[in-house]
Every structure is written in C-alpha cells, then in structure tokens.
Amino acid sequence: MRYLALGCSHGKLPKIKTKDFDIMLYLGDIAGDPISRDLTKKYMELITKGYAEKSFKNLFNKNFSKLEWKEKQNARKVARYINSLNKKVYLVPGNWDNCKTRFWNVKKDYYRDYIVKNLGNLKDLHLKFVENKEHIIIGYGIYEHPEKEDNEFYKYHIKKLRELFKKAKKKKKPIIFITHNQPYNTKFSFVRDKKSPLDGMQVGSNVIKDIIKEFKPLLSVGAHMHEHFGRVKVGKTVCIAVGY
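Procedures and definitions
- Residue numbering note: each chain is counted from 1, following its sequence as written.
- Local features in a predicted model are, by the rule used here, given only for residues with pLDDT of at least 70; side-chain atom pairs are given and counted only at 80 or more, and totals for whole chains, interfaces and linings are based on all residues.
- To get the side-chain values, all heavy atoms of the structure are used, and hydrogens and water are removed first.
- Residues qualify for a patch when their relative accessible area is over 30% and they have no salt bridge, like charges being joined within 9 Å and the nonpolar side chains of Val, Leu, Ile, Met, Phe, Trp and Tyr within 5 Å.
- To be clear on the numbers: accessible area is Shrake-Rupley with a 1.4 Å probe, and residue cover counts the displayed protein chains and nothing else.
- What counts as a salt bridge is simple: a side-chain nitrogen of Lys or Arg found within 4 Å of a carboxyl oxygen of Asp or Glu.
- Only four residue types enter the charge count, namely Lys and Arg as positive and Asp and Glu as negative; His and the chain termini do not.
- Charge coordinates come from a single atom per side chain, which is NZ of Lys, CZ of Arg, CG of Asp or CD of Glu.
- Secondary structure elements are defined from DSSP: runs of H or I of at least 4 residues count as helices, runs of E of at least 2 residues count as strands, and each element is numbered from the N terminus.
- Per-residue accessibility, obtained with a 1.4 Å probe over protein chains only, is compared with the maximum for each type, and a residue is labelled buried under 20%, exposed over 50%, and partly exposed between these values.
- A pair of strands is considered paired only if DSSP assigns at least 2 bridges between the two.
- A fitted line through C-alpha atoms serves as each axis, taken over the contacting stretch for helices, and the angle formed by two N-to-C directions is quoted from 0 to 180°.
- For this analysis, residues touch if any pair of their heavy atoms sits within 4.5 Å.
- Aromatic pairs are defined between Phe, Tyr and Trp rings, using the six-membered ring for Trp, whenever the two ring centres lie within 6.5 Å; interplanar angles under 30 degrees are classed as stacked, those over 60 as edge-to-face, and all others as tilted.

With that out of the way, let us pick up a positive patch on the surface. A contiguous patch of positive charge on the surface is contributed by Lys169, Lys172, Lys216, Lys233 and Lys236. Relative to the helices and strands, Lys172 is located in the loop between helix 5 (152-169) and strand 7 (175-179). Judged by its relative accessible area of 75%, Lys172 falls in the exposed class.

Another aspect to go through is the sheet that holds strand 1 (residues 3-6). Read from one edge of the open sheet, four strands run 1-2-3-4, paired in parallel fashion. Of all strands in the sheet, those with a lone pairing partner are strand 1 and strand 4 (122-124), marking the two edges. Each neighbouring strand pair of the sheet contributes to a mean axis angle of 20°, computed without reference to strand direction. Here strand 3 (residues 88-91) pairs with strand 4 via three bridges, running parallel. Bridge assignment links Tyr90 to a residue of strand 4, and that residue is Lys123.

What follows is about the sheet that holds strand 9 (residues 229-234). Strand order in the open sheet made by the six strands is 5-6-7-8-10-9, with mixed pairing throughout. If you trace the sheet from one side to the other, it starts and ends with strand 5 (129-131) and strand 9, each paired once. Neighbour to neighbour, the strand axes of the sheet diverge by 20° on average, direction disregarded. The pairing of strand 6 (residues 136-140) with strand 7 spans five bridges and is parallel. When the bridges of strand 7 are listed, Ile136 appears paired with Ile175. Along the sheet, helix 6 (residues 206-215) makes contact with strand 6, strand 7, strand 8 (219-222), strand 9 and strand 10 (237-242), crossing strand 7 at roughly 175°.

Following the criterion strictly, the structure yields six aromatic pairs and no others. Both rings, one in Trp69 and one in Tyr114, keep their centres 5.0 Å apart while their planes meet at 40°; by these two values the pair is tilted. With Trp69 in helix 3 (residues 64-83) and Tyr114 in helix 4 (residues 110-115), the pair connects residues that are 45 residues apart, well separated along the chain. Given the relative accessible area of 35%, Trp69 is considered partly exposed. Here the aromatic rings of Phe103 and Phe153 are separated by 5.2 Å at their centres, their planes lie at 65°, and the arrangement is edge-to-face. Taken as a pair, Phe103 in the loop between strand 3 and helix 4 and Phe153 in helix 5 lie far apart in primary sequence, 50 residues in all. The exposure class assigned to Phe153 is buried, which follows from its relative accessible area of 2%. Ring-pair connections join several aromatic residues into one group, and the members of that group are Trp69, Tyr110 and Tyr114.

Structure below.
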C-alpha cells in the first residue's frame with residue numbers, strides 16, 4: 001500500500017506530480033488565504049509585545065468575515081481538487097479549518113458543513129480509524145500545545161485515542177497515526193523561523209507523544225510545522241514531518 005502525505009496547503013492548490021500512490025493522507029490546515037496569513041503573523045507580533053487578543057479582530061477590522069469566508073472558499077477548491085484525483089483521501093482538520101468540536105466552539109463548522117461536504121473520496125478521520133488490507137489508520141486533528149495532563153483537553157483526547165488504539169490493536173495490523181501537530185519535544189516540535197516572533201517556542205503535542213509511547217504505532221505522520229521536513233524516532237515509532 002502506497003501513501004502520499006501532505007498538509008498545510010492553506011488554500012493553495014498542492015502541486016501533486018505523481019499518481020503512483022493508493023491513498024492520500026491530508027494532515028490539516030486545508031484552509032487559508034495569503035492576506036489572512038500575513039495578518040496572523042502581525043497578530044503574533046502584537047501578542048509577543050503584550051497586546052490583548054482583541055487586537056486580532058482590530059487588524060482584520062471590517063474585512064474579518066470576508067477574509068474568513070475567502071479562506072473557506074479556497075479550502076473548498078483544494079478539497080475538490082484532491083477529490084478529483086480519484087484516490088481515497090483520509091484527512092484530519094487543522095487549526096485553520098473551522099472544525100467545531102467540544103473544545104473548538106467556532107460559530108460555524110465550515111470543515112464538515114462546507115469544505116469536505118459531499119466529496120465522496122474524502123473521509124474525515126478525526127478521532128476515528130479505518131482499516132485496509134495492510135494497515136489501520138487512526139486520526140487526530142486540531143491541536144492545543146503543549147497539552148498538560150491535568151488539562152481537560154488532554155484528558156478527553158487521550159481517553160478517546162486510547163479507546164481507538166485498543167480496538168485497533170485487536171486487528172493485529174500495523175498502525176499509522178495521522179495527526180495535524182507534531183509529538184512534543186522532538187526537533188520538529190520547535191518553531192525554527194528567525195522571522196517569526198515565536199522562534200524557538202515549543203508547540204508540540206503531549207497527546208501525540210504519549211499515545212506514540214504507549215501504543216508504538218508503525219508510523220506517525222504530521223504537519224503543522226511548516227519549516228520541518230524529515231523523520232525522527234519516538235521510541236520504536238518513525239515520526240514524519242511533511243513540511244510545507
């Protein structure tokens with residue numbers, strides 16, 4: 001079974017130069033727009049200088065809702081494009097994708113109700129698993145970093161994923177864990193961008209790290225950190241960062 005893994009296209013059509021794969025793994029942040037990306041960088045600069053969070057909407061001003069809708073329109077174009085390749089696509093939502101969950105109380109669930117809706121080759125795997133003839137694939141999208149063990153977000157997701165992995169282990173097949181973020185405290189979990197106000201910050205996931213250490217999947221494949229591309233090992237698990 002051959003897999004093509006990618007993520008963080010942020011509204012841009014990915015340049016896929018091969019059809020020599022069976023399944024695509026899309027790792028979140030399908031939504032985005034160049035203008036809102038630039039404004040977000042400016043917002044991060046304000047936050048590091050101590051300004052309140054409301055400064056974000058002040059940056060967007062009257063264009064906030066238009067930019068948000070543009071991001072989702074771009075995401076839909078990307079989703080329709082990867083659907084048109086006539087390959088099975090398993091995906092998880094990223095932090096840009098407006099996916100409504102117990103902990104992400106967005107006004108509208110654009111991810112399910114618009115971005116991936118009625119696209120037959122796309123299957124959302126957030127807190128779900130699928131089985132094919134060679135592997136089991138388990139998904140965990142969105143993110144919070146780094147989740148603390150006494151944090152409700154951590155407790156909820158570690159419980160859900162443990163349930164999935166225990167069921168999957170009974171199938172006696174190698175497991176591929178697809179995530180949006182990277183496992184905590186690897187070389188891929190630190191921001192490495194001298195132009196970013198977050199340079200050097202640890203933004204990996206304890207949920208991902210702890211699940212990998214406990215269940216030892218064959219592979220863990222994530223995105224989120226645009227500057228990182230390659231592989232590391234966490235215990236016996238090969239962890240891949242797909243870059244940007």
